[in-house]
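If you want the building blocks of each chain, they are given just below.
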Amino acid sequence: MDSLLSIISSQRERFRSRNQELEAESRSMQQTMQALQSELDSLRADNIKLYEKIKFLQSYPGRAGGSDDTVMRYSSQYEERLDPFASFSRKERQRRYLSLSPWDKATLSLGRGILSNKMARTVAFFYTLFLHCLVFLVLYKTAWSESIGRDCSAFCAKKYADHLHQFHENDQNL
């Protein structure tokens, strides 16, 4: 029994150490991937800036510009960055946001927050549903209570009138 326990314990320790090795390797790979991605992003930005300089130098008269594959690849990215409609739209959106009151900004931020998260949308939906049900139940109870009160007072008034008519019909004091 002890030998079986020691075998299982040693196997568990081997698996645990292998798991730790794999997790460390995974973390290092992820860090490497993040570093490479940031380097790739910075190189793309540098290439777009270099393409901008190439376009500037080609704009001088007497300069003939060659069109190789790298220049064509970054020309579309450069043109996207200079898109006047996108920059106008971005500036207009920023201008409209700055002209909002603080309450409107808070409402817009809250709405964006709720709409951007699935869990927040679900919670907001069920909260709204709960509030509607609560309001409808309160209104129903109030209407039912008022109806019962009206019916009860009408019933009591009719019974009183019947009693007066039946038992005190000949009384002159009424």
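Being a predicted model, the structure only gives us computed values, none of them experimental.

## Points about the overall build of the chain
Along its length, the chain carries five helices and zero strands. What you see in the chain, going N to C, is helices and strands ordered as α-α-α-α-α. By the compact-globule yardstick of 16 Å for 174 residues, the chain is too spread out, its C-alpha radius of gyration being 40 Å. Along the longest, intermediate and shortest principal axes, the C-alpha atoms of the chain span 125 × 85 × 25 Å. Looking at the chain residue by residue over its 174 residues, the buried ones come to 3%. Sequence separation of 24 or more characterises 39% of the internal contacts of the chain that already satisfy a separation of 6 or more. When the accessible surface of the chain is summed, it comes to about 15,800 Å², and 62% of that surface belongs to carbon and sulfur atoms. With 25 positive and 21 negative side-chain charges, the chain shows a spacing of 5 Å between the two charge centroids.

## Digging into a nonpolar patch on the surface
A surface patch of nonpolar side chains, amounting to about 490 Å² of accessible area, comprises Y127, F130, L131, L134 and V138. Within the secondary structure layout, V138 lies in helix α5 (residues 118-167). Given the relative accessible area of 48%, V138 is considered partly exposed.

## Structural notes on the packing of aromatic side chains
As enumerated under the stated definition, the model contains one aromatic pair in all. Directly above the aromatic system of Y97 lies the positively charged group of K105, at a separation of 5.3 Å from the ring centroid.

## Side note on the pattern of salt bridges
Per the counting criterion, the structure on display carries five salt bridges. A salt bridge links R16 to E13, with the shortest nitrogen-to-oxygen separation between them at 3.2 Å. Residue R16 and its partner E13 are located together in helix α1 (residues 2-58), separated by three residues, close to a single helical turn. Looking at R16, the relative accessible area reads 42%, which means it is partly exposed. A relative accessible area of 36% means that E13 is categorised as partly exposed. Between R95 and E92 there is a salt bridge, with its nearest N and O atoms 2.4 Å apart. In this pair, R95 and E92 are both assigned in helix α3 (residues 84-98), three residues apart and thus about one turn of the helix distant. Judged by relative accessible area, which is 24%, E92 ranks as partly exposed. Via salt bridges that share partners, R12, E13 and R16 belong to a single interconnected network.

## Observations concerning the state of the cysteines
By the definition in use, this model includes zero disulfides. Free of any disulfide, C156 has its nearest neighbouring cysteine sulfur in C152, separated by 4.3 Å.

## Considerations on the confidence of the model for the chain
Taken over all residues, the pLDDT of the chain has a mean of 86, while the share at 70 or more is 92%. Confidence, read as mean pLDDT per element, is least for helix α2 (residues 69-81) in the chain (71) and greatest for helix α4 (residues 102-116) (93).

Rules used in this analysis
Residues numbered from 1 in each chain as written. Predicted model: local features only at pLDDT ≥ 70, side-chain atom pairs only at ≥ 80, totals over all residues. Heavy atoms only, no water. Helix = DSSP H or I, 4+ residues; strand = E, 2+ residues; numbered from the N terminus. Rg over C-alpha atoms; globule rule 2.2 N^0.38 Å. Buried < 20%, exposed > 50% of the residue type's maximum accessible area, 1.4 Å probe, protein only. Contact = heavy atoms within 4.5 Å. Areas by Shrake-Rupley, 256 points an atom, 1.4 Å probe, with all protein chains shown as cover. Lys, Arg positive; Asp, Glu negative; His and termini not counted. Charge placed at Lys NZ, Arg CZ, Asp CG, Glu CD. Patch = residues over 30% accessible without salt bridge, like charges linked within 9 Å, V, L, I, M, F, W, Y side chains within 5 Å. Salt bridge = Lys/Arg side-chain N within 4 Å of Asp/Glu carboxyl O. Phe/Tyr/Trp six-rings, centres within 6.5 Å; stacked < 30°, edge-to-face > 60°. Lys NZ or Arg CZ within 6 Å of the ring centre and 35° of its normal. Disulfide = S-S within 2.5 Å. pLDDT = per-residue confidence, 0-100.

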